[in-house]
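Structural overview
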Amino acid sequence: QPIPSRRTLSRAVASTSRERIGWASNFFQSQNVLAISGTADAWTSRQMLHFLNVTVFYIVKEGHTVLRKHQDLGLLQIHGNHTAKNLQTHIHILLQRWGLHSQDLNVLTTDSAANMLLAVEHLSVPSLRCLCHQVHLIVLECMNPGVGLFAFHTSEYSLHELFAETEVL
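Below or above, wherever it landed, is the structure these notes cover. (Residues numbered from 1 in each chain as written. Predicted model: local features only at pLDDT ≥ 70, side-chain atom pairs only at ≥ 80, totals over all residues. Heavy atoms only, no water.)

Focus on the pairing of strand E1 (residues 33-44)
Note: E1 against strand E2 (residues 50-62), 11 bridges, orientation antiparallel. Note on E2: the bridge partner recorded for alanine 40 is valine 54. Between E1 and the antiparallel strand that follows it, E2, lie five residues; methionine 48 among them carries a positive phi value of about 65 degrees. Inspection of the sheet shows E1 paired to strand E4 (residues 107-110) by three bridges, in the parallel sense. In the strand pairing of E4, serine 37 is matched with valine 107. (Pairing = 2+ DSSP bridges. Helix = DSSP H or I, 4+ residues; strand = E, 2+ residues; numbered from the N terminus.)

Written out as C-alpha cells, the structure is:
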C-alpha cells in the first residue's frame, strides 16, 4: 500500500479533527462527564518559534463504569511574547474551540513559570504546579549548582544553605 501524500494526510487529519471537535463540544457539557482538569505548557523551539499545548483529562460515567480519559485540545503557535495575557488568550481560544469554558475546569496544571501561573489566575481556574517540572529543576541544580536556582524563590541565607548542601553531595 503506498504511503499517502502530505496533502492527503493533511486533509484526513483536518477532517478527523473537525469531527472530533464537533463531537466534543456537546459531549463535555453532558451529564456523563463528572469532572474535567487540564494541563497547559508553553515553550520556544530551537528556531525561536513559540508554542502552547493544552490537554484535558476527564472522568466520564459509561453505564456502571467510571473511566478517566483525555483529549489533546491542540498545539498552537503563539505569535508575540509569552506574556500572561497572551497565554491566557490562547488557552481560552483552545478551550472555546472544543466547547469548553474556563469555569468547566476543576484545575489546570502548569509549570511554575510566573507568566503561566498568572495566565491561569486570570482565567479564574485553580492551578497546580507540575511535580515533574519541579523535579527537573532540582535535578538540574544538583548537576550544575547555581543554574536552576532562578526557579526557587529563596532568601540569600537559604541560597547559601542550599549551596552548602549541594557541595556535601
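Let us keep going from here.
Some words on the packing of helix H2 (residues 84-97) against helix H3 (residues 114-122)
The angle between the axes and the distance between the axes are what describe a pair of packed helices. Viewed as axis vectors pointing N to C, H2 and H3 meet at an angle of 55 degrees, and their least axial separation amounts to 8 Å. Taken together, the axis directions place H2 and H3 in an arrangement best described as oblique. Here H2 runs over H3; the crossing is right-handed. Of the residues in H3, those touching H2 at Ala84, Leu87, Gln88 and Ile91 are Asn115, Met116, Leu118, Ala119 and His122. (Axes fitted to C-alpha atoms, helices over the stretch in contact; angles between N-to-C directions. Parallel < 35°, antiparallel > 145°, perpendicular 65-115°, else oblique. Left-handed = near helix turned anticlockwise from the far one by under 90°. Contact = heavy atoms within 4.5 Å.)

Brief notes about the environment of histidine 79
Position of histidine 79 among the secondary structure elements: in the loop between strand E3 (65-78) and H2. Measuring from C-alpha to C-alpha, the distance between histidine 79 and histidine 50 comes to 6.9 Å, with 29 residues separating the pair along the chain.

Describing the sheet that holds E4
Ordered in space as E3-E2-E1-E4-E5, the five strands form an open sheet in which the pairing is mixed. Edge positions in the sheet fall to E3 and strand E5 (127-129), since each has one partner strand and no second. Neighbouring strand axes in the sheet, compared pairwise and without regard to direction, differ in orientation by 20 degrees on average. Relative to E3, E2 runs antiparallel, the two being bridged by 13 bridges. Paired with valine 54 across the strands is glycine 74, a residue of E3. Its contacts with the sheet place helix H1 (residues 6-27) against E1, E2 and E3, and it is angled at close to 55 degrees to E2.

Topic: the pairing of E4
Where E4 lies against E5, three bridges are found, and the strand directions are parallel. Looking across to E5, one finds that leucine 108 is bridged to serine 127. Handedness of the crossover joining E4 and E5 through H3: right-handed. (Right-handed = clockwise from strand over helix to strand, strands pointing away.)

Side note on the pattern of salt bridges
Under the criterion given, the structure shown has one salt bridge. A salt bridge links glutamate 62 to lysine 69, with the shortest nitrogen-to-oxygen separation between them at 2.8 Å. Its relative accessible area of 29% is what places lysine 69 among the partly exposed residues. (Salt bridge = Lys/Arg side-chain N within 4 Å of Asp/Glu carboxyl O. Buried < 20%, exposed > 50% of the residue type's maximum accessible area, 1.4 Å probe, protein only.)

With respect to the nonpolar core
One recurring pattern in soluble globular proteins: nonpolar side chains tend to sit buried together. Phe28, Ile36, Leu52, Leu73 and Ile91 are the most contacted members of the largest nonpolar core, which has 30 residues in total. Contributing elements (two or more residues each) for this core: H1, E1, E2, E3, H2 and H3. Setting aside anything within four residues of it in sequence, one finds leucine 52 in contact with Asp41, Ala42, Gly74, Leu75, Leu76, Ile78, Leu87, His90, Ile91, Leu94 and Met116. (Core = buried A, V, L, I, M, F, W, Y, C linked by side-chain atoms within 4.5 Å.)

Brief notes about the environment of valine 54
By secondary structure assignment, the location of valine 54 is in strand E2. Given a relative accessible area of 1%, valine 54 falls into the buried group. With 22 residues separating them along the chain, valine 54 and leucine 76 place their C-alpha atoms 8.9 Å apart. With near-sequence residues (within four places) excluded, valine 54 lies in contact with Thr39, Ala40, Asp72, Leu73, Gly74, Ile91 and Leu94.

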